[in-house]
Amino acid sequence: MEGILPIWKEAGMTSHDVVYKLRKILKTKKIGHSGTLDPAVDGVLPVAVGKATKVIEYMVDSDKVYKGEVTLGIATSTEDATGDVIDRKAVEESLDEKTVDDVLATFVGEISQTPPYYSAVKVNGKRLYEYAREGKEVERPTRKVTVKEFKRLSGLRINEENKTVSFSFEVLCGKGTYVRTLAVDAGSKLGYPAHMSQLTREASGGFTGNEALTLDQVRLLMEEGMVEDTLFPLEHALKNLDAYELSEEEYELVRHGSRLPKNQYLNDTQDKIVFMLKGQAVAIYGEHPTKEELIKPIKVLKNELQV
């Protein structure tokens, strides 16, 4: 079994739970997911099966779409609704939609983010959430992420009881972006403690929610012997890379991992290329680390194809 299966992860499950259950359902161990989803978040989780696990990193690199909710007036330890309340401030009635929109717009582009303590980012070989659980503070690394869209989808919903304001939003972003932190930072710019009160991943790895299957649906398809018909080919994960169709002679060179002249296959705007044979990905080539005039295999995917 080989291919990519977009799964709709339900809230309450970890991404590892999904992989664990799929290994039992599909009766295969070689399974991996692209892009961890927090347990409280539901949405699209692309899963690679068999040889397709070799291209997981290229799905991780793809843009992602999220829809969720920001609540202003309350901050939590985890930056989402699962944490303990650590700060409160009543939201003033003078807050208006234009002010919110103007602040959200300031996050579009390449921005710096400091990951939340409750995250899987490693510092000195240890996950940040492990430090958080031990009550220890460490210096968290600031990194660059890309946000292509961050827009409000609803009006401002006022909760008179706890003096908070909530609104729905949509984010289109690159890899490594913490949407929880976007919510908190937006609140800070508006002058209020804030947290991300709900989140759904609508698209990831080139897949949308309409294409994703629940674990129950996969289980039923497996019982009916139809799972393999629903798998997307591993080439789907490479569609954002430039592709080159090999001749029979070139295929013999590539399948054996030969170095090739760079100027023949890459232009100045490329650093990687997928070599194809009859629509199937044979190998991914990239720049040679020491010989600028050559390219070398980064991953050999299918070197047993019949010409």
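Everything below is about the structure printed above this text.
If you're wondering where the values come from, they're calculated on a predicted model, not measured in any experiment.

Undergrad: Can you tell me about the environment of Ser-258, naming the residues and giving the values?
TA: With respect to the helices, strands and loops of the structure, Ser-258 is situated in the loop between α8 (248–255) and β16 (260–261). Accessibility expressed as a relative area gives 22% for Ser-258, which makes it partly exposed. Counting along the chain gives 120 residues from Ser-258 to Val-138, while the straight-line C-alpha distance between them is 46 Å.

Undergrad: Quick one: what's the story with the side chain of Asp-80, residue by residue and with numbers?
TA: You can see Asp-80 is positioned in the loop between β5 (74–76) and β6 (85–88). Buried and unpaired, Asp-80 has no salt bridge, with Arg-180 as the nearest side chain of opposite charge at 4.6 Å. Among the polar contacts listed, one links the side chain of Asp-80 to the side chain of Thr-78, at a separation of 2.5 Å. The residues contacting Asp-80, other than those within four sequence positions of it, are Arg-180, His-195 and Met-196.

Undergrad: How would you explain the pattern of salt bridges if you had to name every residue and give the values?
TA: Per the stated rule, a full pass over the model turns up 18 salt bridges. The salt bridge partner of Lys-98 is Asp-102, with a shortest N-O separation of 2.8 Å. Highlighted residues: Lys-98 and Asp-102, both in helix α3 (residues 97–105), separated by four residues, approximately one helical turn. The exposure class of Lys-98 is exposed, given its relative accessible area of 57%. For Asp-102, a relative accessible area of 39% corresponds to the partly exposed category. Among the ionic pairs, Asp-271 bridges to Lys-272, the shortest N-O distance being 3.8 Å. The exposure class assigned to Lys-272 is partly exposed, which follows from its relative accessible area of 26%. One network of salt bridges, in which partners are shared, links Lys-67, Glu-149, Lys-151 and Glu-170.

Undergrad: Residue-level account of the pairing of strand β13 (residues 194–204), with values.
TA: Judged by how many residues are buried, β13 sits mostly within the fold: nine of eleven residues are covered. In terms of strand pairing, strand β3 (residues 42–49) meets β13 through two bridges, oriented parallel. Bridge pairing in β13 places Gly-43 opposite Arg-201. In the sheet, strand β4 (residues 64–72) pairs with β13 via eight bridges, with the strands oriented antiparallel. Considered in β13, the bridge of Lys-67 is made with Thr-200. Of the pairings in the sheet, the one linking β13 to strand β14 (residues 207–208) comprises two bridges and is antiparallel in character. In the sheet register, Ser-204 faces β14, and the bridge partner there is Phe-207.

Undergrad: I'd like a rundown of unusual backbone geometry, residues and numbers included.
TA: The residue Lys-27 is not glycine, and still its phi comes out positive at about 60 degrees. For Lys-27, a relative accessible area of 69% puts it in the exposed group. Located in the positive-phi region is Glu-79, a residue other than glycine, with phi close to 70 degrees. Residue position: Glu-79 is located in the loop between β5 and β6.

Undergrad: Break down the side chain of Arg-180 for me, citing the residues and quoting the values.
TA: With respect to the helices and strands, Arg-180 occurs in helix α5 (residues 179–190). Look at Arg-180 and you get buried, because its relative accessible area is 4%.

Undergrad: Quick rundown of the environment of Val-41? Include the residues and the values.
TA: For Val-41, the position within the fold is in the loop between β2 (31–33) and β3. Placed 39 residues apart in sequence, Val-41 and Asp-80 show a C-alpha to C-alpha distance of 9.9 Å. Apart from residues lying up to four places away in sequence, Val-41 is in contact with Lys-9, Glu-10, Ala-11, Leu-199, Thr-200 and Arg-201.

Undergrad: Could you give an account of the nonpolar core, naming the residues involved and the relevant values?
TA: Core analysis: the biggest nonpolar cluster contains 47 residues, and Leu-22, Leu-26, Leu-72, Phe-150, Phe-169 and Val-218 have the highest contact counts within it. Those residues in contact with Leu-26 that sit more than four places away from it in its chain are Met-1, Leu-5, Ile-31, Val-49, Val-218, Met-222 and Val-227. Residues Ile-4, Val-44, Ala-52 and Leu-234 belong to the second largest nonpolar core, which totals 18 residues.

About the thresholds
Residues numbered from 1 in each chain as written. Predicted model: local features only at pLDDT ≥ 70, side-chain atom pairs only at ≥ 80, totals over all residues. Heavy atoms only, no water. Helix = DSSP H or I, 4+ residues; strand = E, 2+ residues; numbered from the N terminus. Buried < 20%, exposed > 50% of the residue type's maximum accessible area, 1.4 Å probe, protein only. Lys, Arg positive; Asp, Glu negative; His and termini not counted. Salt bridge = Lys/Arg side-chain N within 4 Å of Asp/Glu carboxyl O. Polar contact = N/O pair within 3.5 Å; in protein donor to acceptor, adjacent residues only side chain to side chain. Contact = heavy atoms within 4.5 Å. Pairing = 2+ DSSP bridges. Core = buried A, V, L, I, M, F, W, Y, C linked by side-chain atoms within 4.5 Å.

Everything listed here is a matter of coordinates, which is why it stays silent on function.
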